[in-house]
Amino acid sequence: MFIPATLEEAKKRGWDGLDVIIVSGDTYVDSYYNGASIIGHWLIDHGFKVGIISQPDIDSENDIARLGEPKLFWSVSAGAMDSMVANYTPTNKRRKDDDFTPGGINDRRPDRACIAYTNLIKKHIKGKPIVLGGIEASLRRVAHYDAWSDSVRRSILFDSKADLITYGMAELSNLELANRMRDGKDTADIKGICRIGKEPPKGYTRIPSYEACESDKDHFIKAFRIFYESNDPVTSKGIYQKHGDRYLVQNSPQRILTTEELDRVHSLDYENAVHPYYLKGGEVKAMETIKNSITSHRGCYGGCSFCAISVHQGRTVISRSEDSIISEAKLIASRPRFNGIIYDVGGPTANMYGIECSKKLVKGACTDKKCLYPKPCSYLAIDHSKQISLLKKLSSVPGVKKVMVTSGIRYDMVVSDRVRGKEYVDQLVGNHVSGQLKVAPEHTVPHVLELMCKPGPDVLIKFKKMFDDSNTKQGMNQFLTYYLMAAHPGCYQEDMEELNRFVHRELKTNPEQVQIFTPTPSTVSTMMYHTRRDYDNTKNLKSEHSMQMKQKQKDTLLEPQGWEHEKQRKTV
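A short tour of the structure in this document, coming up. (Residues numbered from 1 in each chain as written. Predicted model: local features only at pLDDT ≥ 70, side-chain atom pairs only at ≥ 80, totals over all residues. Heavy atoms only, no water.)

What about the overall build of the protein?
- Along its length, the protein carries 24 helices and 22 strands.
- Computed over C-alpha atoms, the radius of gyration of the protein comes to 24 Å, within 12% of the 25 Å expected from 2.2 N^0.38 for 572 residues, which places it in the range of a compact globule.
- For the protein, the C-alpha atoms occupy an extent of roughly 70 × 60 × 50 Å along the three principal directions.
- Classification of the 572 residues of the protein by burial places 56% in the buried group.
- Summarising the internal contacts of the protein: among those between residues at least 6 apart in sequence, 76% fall at separations of at least 24. (Helix = DSSP H or I, 4+ residues; strand = E, 2+ residues; numbered from the N terminus. Rg over C-alpha atoms; globule rule 2.2 N^0.38 Å. Buried < 20%, exposed > 50% of the residue type's maximum accessible area, 1.4 Å probe, protein only. Contact = heavy atoms within 4.5 Å.)

Here's the deal with empty space enclosed by the protein
- Applying the stated criterion across every chain, the model contains four cavities of 30 Å³ or more.
- Taken as a whole, the largest cavity holds about 330 Å³ of empty space.
- Going through the elements one at a time, α7 (171–183) and α13 (309–312) are the ones with two or more residues in the lining of the largest cavity.
- The calculated volume of the second largest cavity comes to roughly 110 Å³. (1 Å grid on protein atoms, 1.4 Å probe; cavity = no way out; pocket = protein on both sides within 12 Å on 5 of 7 lines; lining within 4 Å. Points joined across faces, edges and corners; volume = space filled by probe spheres on them.)

Re the sheet that holds strand β20 (residues 436–442)
- On the basis of which strands lie adjacent, the open sheet formed by three strands has the order β20-β21-β22 and parallel pairing. Every other strand in the sheet has two partners, leaving β20 and β22 (513–516) as the edge strands with one partner each. Shown here is a sheet whose adjacent strand axes are inclined to one another by a mean of 20 degrees, direction ignored.
- The sheet contact formed by strand β21 (residues 479–486) and β22 spans four bridges and is parallel. In the sheet register, Y483 faces β22, and the bridge partner there is Q513.
- Against the sheet, helix α21 (residues 493–507) makes contact with β20 and β21, and its axis sits at roughly 175 degrees relative to β21, the strand it touches most. (Pairing = 2+ DSSP bridges. Axes fitted to C-alpha atoms, helices over the stretch in contact; angles between N-to-C directions.)

Here's the deal with the side chain of Q55
- Its location among the elements puts Q55 in the loop between β3 (50–54) and β4 (73–77).
- From its side chain, Q55 meets the backbone oxygen of G25 in a polar contact 3.0 Å long.
- Here the side chain of Q55 touches T101 through a polar contact of 2.8 Å, side chain to side chain.
- Aside from chain neighbours lying at most four places away, what touches Q55 is S24, G25, D26, T27, D63, F100, T101, P102, R108 and Y117. (Polar contact = N/O pair within 3.5 Å; in protein donor to acceptor, adjacent residues only side chain to side chain.)

Quick notes on the sheet that holds strand β8 (residues 164–166)
- A sheet is described by the order of its strands in space; here nine strands give the open sequence β3-β1-β4-β5-β8-β9-β12-β11-β10, paired in mixed fashion. Both outer strands of the open sheet, β3 and β10 (205–207), are each paired with one neighbouring strand and no more. In this sheet, adjacent strand axes meet at a mean angle of 25 degrees when their direction is disregarded.
- Bridge analysis of β4 against strand β5 (residues 130–133) gives four bridges, and the strand direction is parallel. Paired with S75 across the strands is V131, a residue of β5.
- Along the sheet, helix α2 (residues 35–45) makes contact with β1 (20–24) and β3, crossing β1 at roughly 170 degrees.

As for a positive patch on the surface
- Together, K122, K126, K161 and R246 make up a region of like positive charge exposed at the surface.
- As for its position among the elements, K122 is in helix α4 (residues 113–124).
- The class for K122 is partly exposed, based on a relative accessible area of 31%. (Patch = residues over 30% accessible without salt bridge, like charges linked within 9 Å, V, L, I, M, F, W, Y side chains within 5 Å. Areas by Shrake-Rupley, 256 points an atom, 1.4 Å probe, with all protein chains shown as cover. Salt bridge = Lys/Arg side-chain N within 4 Å of Asp/Glu carboxyl O. Lys, Arg positive; Asp, Glu negative; His and termini not counted. Charge placed at Lys NZ, Arg CZ, Asp CG, Glu CD.)

Regarding helix α10 (residues 259–266)
- Within α10 the residues assigned to the buried category are E261, L262, D263, V265 and H266.
- The inward-facing, buried residues of α10 abut α2, α7, β14 (293–295), β15 (297–298), β16 (318–319) and α14 (322–333).

A word on a negative patch on the surface
- A contiguous patch of negative charge on the surface is contributed by D97, D99, E283 and E288.
- The topology assignment puts E288 in helix α12 (residues 286–290).
- Given a relative accessible area of 53%, E288 falls into the exposed group.

Structure (structure tokens):
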């Protein structure tokens with residue numbers, strides 16, 4: 001059942017008002033792929049009355065006042081992406097298209113959406129607390145580098161003048177917050193929230209102030225490192241950061257959901273459709289991808305320097321039960337006009353399903369090493385048998401003709417699985433790839449890979465051989481699609497030239513999926529981009545800030561085979 005988008009819908013449910021009103025920068029797709037939808041259904045499932053307003057007009061009160069005032073709080077999110085990432089390309093050009101907006105035109109999500117929506121609420125409906133959530137608020141919760149203004153900005157809690165942030169995935173934080181507000185209890189110590197305080201809290205770790213971070217890059221690096229390493233739900237303490245004469249207080253992280261709780265989140269009463277109120281504006285392209293896809297797990301321990309998933313979803317992978325996933329597949333297969341294809345079964349990384357370190361679950365993530373870099377940790381028992389079993393059972397669901405894996409996989413995990421690795425590749429090639437399989441080496445030059453925390457080119461070559469051998473054995477003609485990156489901190493023009501040679505010589509392909517590094521808030525790579533120093537603050541780095549030179553790095557990689565000979569010929 002849809003979450004009410006109008007008062008008339010709320011009244012049909014017999015509700016005399018709403019406890020929480022969610023405001024989102026994405027249109028309202030009623031699916032667990034939409035964070036606003038998850039939080040709304042989760043709160044409704046626990047007895048609260050929730051409404052949703054998507055992509056409100058920020059120039060009038062018509063949209064924002066449509067549902068009246070909530071009894072407890074407003075929950076504001078920019079949507080599935082940071083609004084600046086959603087609105088601008090890596091070379092800072094305005095995006096014309098938006099897959100999360102009806103009609104597909106990027107004209108509904110404002111820049112810095114959390115700030116814009118908070119201001120809109122305060123202008124027209126003052127009174128109730130405003131709680132920020134979603135990835136934009138989560139990754140901007142402390143002083144952070146903002147590439148679009150090329151400056152260090154304050155915590156978004158100060159810039160927006162909102163009351164709280166629920167950071168991370170936040171089902172439990174939002175539920176506890178709603179319960180305490182309803183019961184008139186203090187909310188200051190809820191795990192997984194940020195607030196503004198007049199005094200530094202006892203027992204919390206101090207990080208350099210906003211003013212220090214703004215003026216001194218060494219302080220910025222120190223603050224970022226403490227922040228980055230304070231995201232483990234088992235071991236991390238709260239932190240605080242002075243902003244002027246007040247303090248940004250980040251409570252310790254909320255615990256991760258149990259498998260049973262994650263199953264419940266994914267079994268709530270989603271319509272798996274765009275709400276009719278918003279569908280009037282046109283089709284939503286994102287529905288094509290998500291309507292017949294299944295999320296099997298959340299979290300990622302890949303530790304890629306440029307990725308924000310570990311800060312937002314966490315470094316611990318929590319997987320749904322096999323029964324929960326199969327039940328969802330049966331539901332999908334029962335829908336009218338189902339074409340027999342489940343387009344994806346996965347998560348941030350498809351083949352992390354059912355694989356996690358037992359030590360981490362009890363003692364927390366290691367602070368002195370990563371799970372997969374420079375090679376998979378011996379405590380991480382990599383065994384693809386659970387995913388192999390799951391894919392086989394999904395393929396046997398009546399009405400399902402094909403189950404695809406399109407999320408992308410960690411090929412270093414496959415190579416490390418000496419028992420089931422080849423079997424997993426055979427399973428993918430024979431049954432779950434439709435022409436191409438996505439992998440993301442990002443680069444092949446060792447010093448760039450080291451900064452990215454990505455495996456070396458030798459591992460990629462081993463996986464390619466496994467993949468090619470499986471194709472030959474099964475009489476298939478599948479191929480690999482490689483995601484590559486230009487202009488990452490530490491990457492020089494000659495590194496892109498070497499990458500071009502490697503791609504043609506070893507991978508025997510012309511690169512197509514090439515992105516320019518985007519310095520999104522609160523990633524290790526963004527810290528390096530801003531400070532021009534490595535994570536340990538021990539060496540200086542090349543950091544390409546020129547849009548023209550960033551584009552040149554990308555163009556170099558896209559040059560066809562033989563470009564060097566042509567260049568030399570023209571020089572002569």
